[in-house]
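# Working through the structure, step by step
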Amino acid sequence: MTSNTDLNDALMARARLVIPGGVNSPVRAFRAVGGTPRFVQRAHGAYFWDANDQRYIDYIGSWGPMILGHGHPAVLEAVRKAAEQGFSFGAPTEREIELAEEILSLVPSMEMVRLVSSGTEAGMSAIRLARGATGRDKIIKFEGCYHGHADALLVKAGSGLATFGNPTSAGVPPEVVQHTLVLEYNNVAQLEEAFAEHGPAIAGLIMEPIAGNMNFVRASVEFTRRCRELCTQHGALLIYDEVMTGCRVALGSAQSVYAQAIPGFEPDITVMGKVIGGGMPLAAFGGKRSVMEQLAPLGPVYQAGTLSGNPVATACGLATLREIKRPGFFESLSAKTQRLVDGLKTVAAEEGVPFVADCQGGMFGFFLLPTLPQNYTEVMKSNGEHFNQLFHALLDRGVYIAPALYEAGFVSGAHSDADIDATLDAAREAFRELPK
Ligand code: PLP
């Protein structure tokens, strides 16, 4: 298979004239890996087709939401029916209650939930809620974790030292992030120091329990336990950002995986997105009733949205959740993902490429490293040049993975054994081409 990007090139040239960088979200631009982004024409099941009608096995799935694959019949039908009944009302609907009930039944640490339209909005609102509920200002986040592009969360640590962050983006005044403390992921000693120094001022700690924005890095059980204990001890709220992992790594989300290792474990607030909207703009944040009742119109913490709980998006999310709850769905999804990851490891070993990989449920990650990284600094030791080569070698063979080495991958219910076999064949050739 040869790559033929002419129609994609033409669309990119046209897009660049009217959309900054030609894209509506930066990583789509292929800046890290070079080359021309594929403009998607249509998608079905585990595949999408680009402007040249070239087919790709899709391991991004809209960066997570498409857990059933594209165009699942039950979801399509629900969306079609909802659209015929009306696009948006700005008034409550029964479907919002149904989706809220469904989410709470899957993630029982949430006693109440509010629906919003994006993960960014959900994360930003969760932080405001934590600050409003505790009457404190400071927030802990971890380097390499992404929580959307709200000003106060666009910070990373400049070094491995605990420091109040500098904004990662232009346009964010330093005053806005002065209360955001950025720590190293999986570093228990640093966490303890931060609480010892700032404990009474800390409103909340926000973390990705499995960090999918530095590829795929698990929080260790000990780190997870200490995050919970220190928040409880100091009266801070533990916020799990499960926008990516929610209903993706397990039906009960990442917190259900950690609860198996730490009995009784649960966060105070959970931020959800992606899968719960099934590919429509829908996200949510929820938690303990006493905390959630601080939100307007009950409490003093303001939060609102014209399109929040949108009737078409809620229909899409609800149909998606009902499908993934079917007996055997997650077992089958997990087995497929494991088969892909094991196969990649075997092929890489046979081709003499340093390679490690990990997965949980329908989410996976891999690194061109000898051992699995534990934090952002270690992730960034992965060979970027080799990754870019690998990315293009796979793309040329019709396999579409994330165009950056710090992004996770996603398998859907629509991926077949044959798709995984084809991926492994492509990977073998791609690994073989890498410089040794
Ligand atoms: N939180 C996490 C963990 C994410 O992965 C993302 C997006 O990838 C967000 C928040 C932001 O969500 P959105 O892109 O819907 O604003």
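Everything numeric in this text was worked out from a predicted model, so none of it was measured.

### Here's the deal with the overall build of the chain
Along the backbone of the chain there are 13 helices and 19 strands. Over its C-alpha trace the chain gives a radius of gyration of 21 Å, about what one expects of a compact globule, namely 22 Å for 436 residues. In terms of overall dimensions, the chain has C-alpha extents of about 60 × 55 × 45 Å along its principal axes. The 436 residues of the chain split such that 49% are buried.

### Observations concerning the nonpolar core
Ranked by size, the top nonpolar core spans 132 residues in total, and within it Leu237, Ile239 and Ala284 carry the most contacts. Ranked by the residues each element gives to this core, the list is headed by helix H9 (residues 311-324), at eight residues. When residues of this core are sorted by domain, at least three fall in each of domain 1 (6-71 + 327-433) and domain 2 (74-324). Once you skip the residues sitting within four places of it in the chain, alanine 284 turns out to touch Ile103, Val113, Arg114, Leu115, Val116, Ala122, Met272 and Ile276.

### Topic: the UniProt feature "modified residue: N6-(pyridoxal phosphate)lysine" (unreviewed entry) in the chain
As recorded in UniProt, the sites labelled "modified residue: N6-(pyridoxal phosphate)lysine" (unreviewed entry) are Lys274. Here lysine 274 lies in the loop between strand S14 (269-272) and strand S15 (283-287). Among residues more than four places away in sequence, those in contact with lysine 274 are Gly64, Pro65, Gly119, Val243, Met244, Gly246 and Arg248.

### Considerations on the sheet that holds strand S16 (residues 356-360)
Pairing is antiparallel across the open sheet formed by three strands, whose spatial order is S16-S17-S19. Taken across any chain shown, the strands that pair with only one partner, and hence form the sheet edges, are S16 and strand S19 (409-410). Sheet topology places S16 next to strand S17 (residues 363-367); five bridges connect them, and they run antiparallel. Along S17, the bridge assignment pairs glutamine 360 with methionine 363.

### Some points on the domain arrangement of the chain
How big an interface is tends to be stated in terms of accessible area lost as the parts join. Here the domain parsing of the chain yields domain 1 (6-71 + 327-433) and domain 2 (74-324). Each of domain 1 and domain 2 has a C-alpha centre, and the two are 25 Å apart. In this assembly, 27 residues from domain 1 lie in contact with 32 residues from domain 2. Taken together, the elements giving at least two residues each to the side of domain 1 that touches domain 2 come down to helix H10 (329-350), S16, S17 and helix H11 (376-379). Element by element, the count of residues in the side of domain 1 that touches domain 2 is highest for S17, at four residues. Here the residues of the side of domain 1 that touches domain 2 sort into 15 nonpolar, ten polar and two charged.

### Thoughts on the environment of leucine 282
As for its placement among the helices and strands, leucine 282 is situated in the loop between S14 and S15. Distance from leucine 282 to leucine 115, taken between C-alpha atoms, is 7.1 Å for residues 167 residues apart in sequence. Setting aside residues no more than four positions away along its own chain, leucine 282 makes contact with Leu115, Ser117, Ile276, Gly277, Asn310, Ala313, Thr314 and Gly317.

### Brief notes about the environment of histidine 149
Secondary-structure assignment places histidine 149 in the loop between strand S5 (138-142) and strand S6 (155-156). Histidine 149 has contacts with Thr120 and Leu154, leaving out every residue within four places of it along the chain.

### Description of the sheet that holds strand S3 (residues 55-58)
Spatial strand order, S1-S2-S3-S18: four strands in an open sheet with mixed pairing. Pairing within the sheet leaves two strands with one partner each, and these edge strands are strand S1 (40-44) and strand S18 (399-400).

### Thoughts on the packing of helix H3 (residues 94-106) against H9
Running from N to C, H3 and H9 point in directions that differ by 35 degrees, and their axes come no closer than 9 Å. Crossing angle aside, the handedness with which H3 passes H9 is left-handed. Between H3 and H9, the contacting residues are Arg95, Glu96, Glu98, Leu99, Glu102 and Leu106 on the first element and Pro311, Thr314, Ala315, Gly317, Leu318 and Leu321 on the second.

### So, helix H13 (residues 417-433)
End to end, H13 covers 25 Å across 17 residues, agreeing with the expected 24 Å (1.5 Å per residue, within 8%). Residues of H13 that are buried: Asp419, Ile420, Thr423, Ala426, Ala427, Ala430 and Phe431. With its buried residues spanning 135 degrees around the axis, H13 presents them on a single face. Facing away from the buried side of H13 by more than 90 degrees, the exposed set consists of Asp417 and Ala418. Buried residues in H13 make contact with S3, H10, helix H12 (384-396) and S18.

### Quick word on the packing of helix H5 (residues 188-198) against helix H6 (residues 221-234)
Two measures define how a pair of helices packs: the angle their axes make with one another and the distance between the axes. It is the contact of H5 with H6, at a shortest axis distance of 10 Å, that shows an interaxial angle of 5 degrees. Taken together, the axis directions place H5 and H6 in an arrangement best described as roughly parallel. Packed against H5, whose contacting residues are Val188, Leu191, Glu192 and Phe195, the element H6 presents Glu222, Phe223, Arg226, Cys227, Leu230 and His234 at the interface. Each residue belonging to the contact of H5 with H6 can be placed in one class, and the counts come to six nonpolar, one polar and three charged.

### Points about unusual backbone geometry
The linkage connecting alanine 296 with the following residue, proline 297, adopts the cis geometry, with an omega of 10 degrees. Here proline 297 is to be found in the loop between helix H8 (289-292) and H9. We note that phenylalanine 30 has phi near 65 degrees; this positive angle belongs to a residue other than glycine. Exposure remark for phenylalanine 30: the 20 C-beta atoms within 10 Å place this residue in the buried category. One non-glycine residue, asparagine 186, adopts positive backbone phi at about 70 degrees. Secondary-structure assignment places asparagine 186 in the loop between strand S9 (180-183) and H5.

### A closer look at the pairing of strand S13 (residues 237-242)
With six of its six residues buried, S13 lies for the most part within the structure. A two-sided burial pattern is seen for S13, the buried positions comprising Leu237, Ile239 and Asp241 on one face and Leu238, Tyr240 and Glu242 on the other. The sheet contact formed by strand S10 (residues 202-207) and S13 spans four bridges and is parallel. Within the sheet, the bridge partner assigned to isoleucine 206 lies in S13 and is isoleucine 239. With four bridges connecting them, S13 and S14 associate as parallel partners. Counted as the bridge partner of glutamate 242 is methionine 272 from S14.

The rules behind the values
- Residues numbered from 1 in each chain as written.
- Predicted model: local features only at pLDDT ≥ 70, side-chain atom pairs only at ≥ 80, totals over all residues.
- Helix = DSSP H or I, 4+ residues; strand = E, 2+ residues; numbered from the N terminus.
- Rg over C-alpha atoms; globule rule 2.2 N^0.38 Å.
- Buried ≥ 20, exposed ≤ 12 C-beta atoms within 10 Å, placed from the backbone.
- Core = buried A, V, L, I, M, F, W, Y, C linked by C-beta atoms within 7 Å.
- Domains from an automatic or database assignment.
- Contact = placed C-beta atoms within 7 Å.
- UniProt positions renumbered as here; feature names shortened; annotations may be inferred.
- Pairing = 2+ DSSP bridges.
- Nonpolar A, V, L, I, M, F, W, Y, C, P; charged D, E, K, R; others polar.
- Axes fitted to C-alpha atoms, helices over the stretch in contact; angles between N-to-C directions.
- Left-handed = near helix turned anticlockwise from the far one by under 90°.
- Expected span 1.5 Å × (residues − 1).
- Arc of directions from axis to C-beta.
- Parallel < 35°, antiparallel > 145°, perpendicular 65-115°, else oblique.

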